[in-house]
Amino acid sequence: MQQNLLETSIEYLKGVGPNRGTLLRKELGIHKYGHLLNFFPNRYIDRTRYYKINELQNNVAEVQVIGKIINIKTVEFGKNQKRLVATFVDDTGQMELVWFQGHKWIRESLKLNEICVIFGKCTSFGNTFNMAHPEIELMTEHQQSLRSAMQPVYPSTETLANRGISNRVINKMMQQLFVETQAKFSETLPDYLIAELKLIPKNAALFNIHFPKSAEALAKAQFRLKFEELFYIQLQLITKNLIRKHKIKGHPFTKVGDYFNNFYQNHLPFELTNAQKRVVKEIRIDMGSNAQMNRLLQGDVGSGKTIVALMSMLIALDNGFQSCLMAPTEILANQHFNGLTELSKELNINIKILTGSTKTAARKIIHEELENGSLHILIGTHALLEDKVKFQNLGLAVIDEQHRFGVEQRSKLWKKSNPNPSDEGEHIPPHVLVMTATPIPRTLAMSLYGDLDISVIDELPPGRKPIQTVHRFDSNRLKVWKFIRDEIAIGRQIYIVYPLIEESKTMDLKDLIDGYESISRDFPLPQYAISILHGKMKPAEKDAEMKRFAEGKTNIMVATTVIEVGVNIPNASVMIIENAERFGLSQLHQLRGRVGRGAEQSYCILMTSHKLSADGKTRMETMTRTNDGFEIAEVDLKLRGPGDLMGTQQSGVLNLQIADIVRDRDILELARNYALKILKDDAPMQKPENAVLRATYIELTKKKNIWNYIS
Ligand code: ADP
Ligand code: MG
């Protein structure tokens, strides 16, 4: 019944009105009653306990104190800056209440010498505690207000706080909402799910999330609402995926022919790991169906994704189609080009590379060969996306290190394949394989990349010695340098990496150059040769430096994180990371993955100063404890939350109302399994018992399509 009421514009709620309505819309996206109802607290505070002033501690959680204001004054500080300070006392001492903004109406609303309850966070200055922007309630009001033991705290913004929409005000609005709607809300999950999972009804869940009667009731409400949120997202993701498989045709690569077989039987440079074999099979089956492949290939650094890409491209070739491989940097594209040319040298296929620095003449040949079909595999950077690059029949697009490319670029590649003549002009997109070394826990990956299928290489090639990782302080540099000299003496090469952070490029470059100069003094010519690599160099210079290092002409490579992605130089056995505390865990792991690629024992040395934050310490400990990318990703998730997981370039983080994709992974998995089971049995949600599902689903997708969840 309440559906219509929930569509009511928020300003009509008693106590809101046009001004607050505008604020709620702008600051919190609350336009209608329904939005307010689904605006959930982000935490709860135990308000059964009252503190005395002499019990206060610095900066613990919010506390409440009973007492009275005995004096109010305005204090000037700095230029034209004022703050409002009130003295608050109880029978054990006195403290200060401070406001930096909104003085006029606050001053008017404060009452002297009346018993009230203040609520907020305390900090100490000298011997006095103060509470900034406290919530204040007269004792008489306080006793009357409908307040549960667990006090909800709603997300807020500075503007809201300054304009007087405190948590208490939101709480009152919520009470009003429940009065006007009579606290009756439609059930949104089918009975059998509620029974099977022992969920509480929607009504009870909504009531207890806003006005929890007890911690236990709150926990039940949270579980029910989190499950529901994740469940409907999964339902949408899975449905979308089913539709894609149904609707988007792909070129059916039915043959596995001479190119693939010849390579597999005669030219494999090593035995594939079981994980590689399994993944090649998954890709083969996927490309062999009538649907387009859209697959994410996850594998830790060094797990051997490149050869999987090649074998997939050979299948395309066997079916008469061209392939391309796109890499995020010129260095990487070159490396792929060299590696794939080497791997396929006996196969008699035409592979070329196209980057920003490809000369016009070579470019022209590439364009021609692409269009007449004589070019089989094209490797390159973003240059592949240019309009001039037209394939005769692109059958497979491989994208390496996917987190550097956005969804838009992926879709540009889709359009590169020409209409298949046999299909009378119907556009059939190429199969897409995106490869990433960013280890994302599987359930999380399924939620983040719901539109992709996932293959995982979870096994490293045999014979690799685990990289030994140590953490050293800058004060131990002499010892580290001695270690480097010993390694160079036995023929190894060394990376020394400096952080590069976008905002402070020039400063970082200075760090790098200073480092380079001091390293050059400590490792002088002619005994030692040093390479340098950074983002400000021209591509040709970078490649030349990279080449010198790869050929063993230099002993040390001093670089910024340009080398982070994919570079493969097996003789490099030591990775030194300077200012390691400035890197995130996944980046540290990626950097470490540059060594340990040969048969020799490799080392990673994390250099930091003695000043380390708690997170910094955890990162160093994690790195020295494990080489397992997935374990590292878990810690990273806990430290940073999923929003930062893949760095700033990454898009595709779910924008959730109540569930937390990291903390609620178990619920996510449960929700996904139920969604899968239900759709497998009744994909159009047509069975009578699924009527609620279908109605809610349609309602949700109308309002909030899955892509709105993905920011
Ligand atoms: P990544 O997954 O990081 O892209 P690569 O494809 O660059 O890894 O492979 C890393 C190294 O491991 C390369 O030198 C490659 O030749 C080697 N390699 C890959 N697969 C195997 C295997 N099954 N056995 C032995 N070495 C392998
Ligand atoms: Mg790679």
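Residues numbered from 1 in each chain as written. Chains lettered and ligands numbered in written order. Predicted model: local features only at pLDDT ≥ 70, side-chain atom pairs only at ≥ 80, totals over all residues. Heavy atoms only, no water.

The name recorded for the protein chain in an unreviewed UniProt entry is ATP-dependent DNA helicase RecG, from Flavobacterium alvei. The Sequence similarities (unreviewed entry) comment attached to the protein chain in UniProt states, word for word, "Belongs to the helicase family. RecG subfamily." (UniProt positions renumbered as here; feature names shortened; annotations may be inferred.)

A. The arrangement of the packing of aromatic side chains in detail. The final tally for this structure, using the stated rule, is 14 aromatic pairs. Seen in terms of ring centroids, Phe-253 and Phe-321 are 5.3 Å apart; in terms of plane orientation they differ by 35 degrees. Their pairing is tilted. Remark: Phe-321 occurs in the loop between helix 13 (305-318) and strand 11 (322-326) and Phe-253 occurs in the loop between helix 10 (215-247) and helix 11 (258-267); sequence separation between them is 68 residues. Three or more aromatic residues joined by ring pairs form one cluster here, namely Phe-178, Phe-185, Phe-207 and Phe-211. (Phe/Tyr/Trp six-rings, centres within 6.5 Å; stacked < 30°, edge-to-face > 60°. Helix = DSSP H or I, 4+ residues; strand = E, 2+ residues; numbered from the N terminus.)

B. A look at the side chain of Ser-455. Relative to the elements of secondary structure, Ser-455 occurs in strand 16 (residues 453-457). A polar contact of 2.5 Å, which involves the side chain of Ser-455, links it to the side chain of Glu-282. Of note is the side chain of Ser-455, whose polar atom sits 2.7 Å from the side chain of Arg-295. In contact with Ser-455, not counting residues within four places along its chain, are Val-279, Glu-282, Arg-295, Leu-296, Leu-297 and Gln-298. (Polar contact = N/O pair within 3.5 Å; in protein donor to acceptor, adjacent residues only side chain to side chain. Contact = heavy atoms within 4.5 Å.)

C. Spotlight on helix 7 (residues 167-180). Look at helix 7: 20 Å from first C-alpha to last across 14 residues, which is about the 20 Å you get at 1.5 Å a residue. Looking only at helix 7, the buried set comprises Asn-167, Val-169, Ile-170, Asn-171, Met-173, Met-174, Gln-176, Leu-177 and Phe-178. Residues of helix 7 that are buried sit in contact with helix 2 (17-28), helix 3 (33-37), strand 8 (135-138), strand 9 (150-153) and helix 9 (202-210). Gln-182 sits one or two positions beyond helix 7 and adopts a positive phi of about 55 degrees. (Expected span 1.5 Å × (residues − 1). Buried < 20%, exposed > 50% of the residue type's maximum accessible area, 1.4 Å probe, protein only.)

D. A look at the sheet that holds strand 13 (residues 377-380). The sheet built from seven strands is open, its strands ordered 12-13-11-14-15-10-16 with parallel pairing. In this open sheet, the two strands that pair with only one neighbour each are strand 12 (351-354) and strand 16. Strand-to-strand, the axes of this sheet are offset by a mean angle of 20 degrees, without reference to chain direction. In this sheet, strand 14 (residues 394-400) lies alongside strand 11 in parallel orientation, the contact comprising five bridges. From the neighbouring strand, Met-326 faces strand 14, where its bridge partner is Ile-399. (Pairing = 2+ DSSP bridges. Axes fitted to C-alpha atoms, helices over the stretch in contact; angles between N-to-C directions.)

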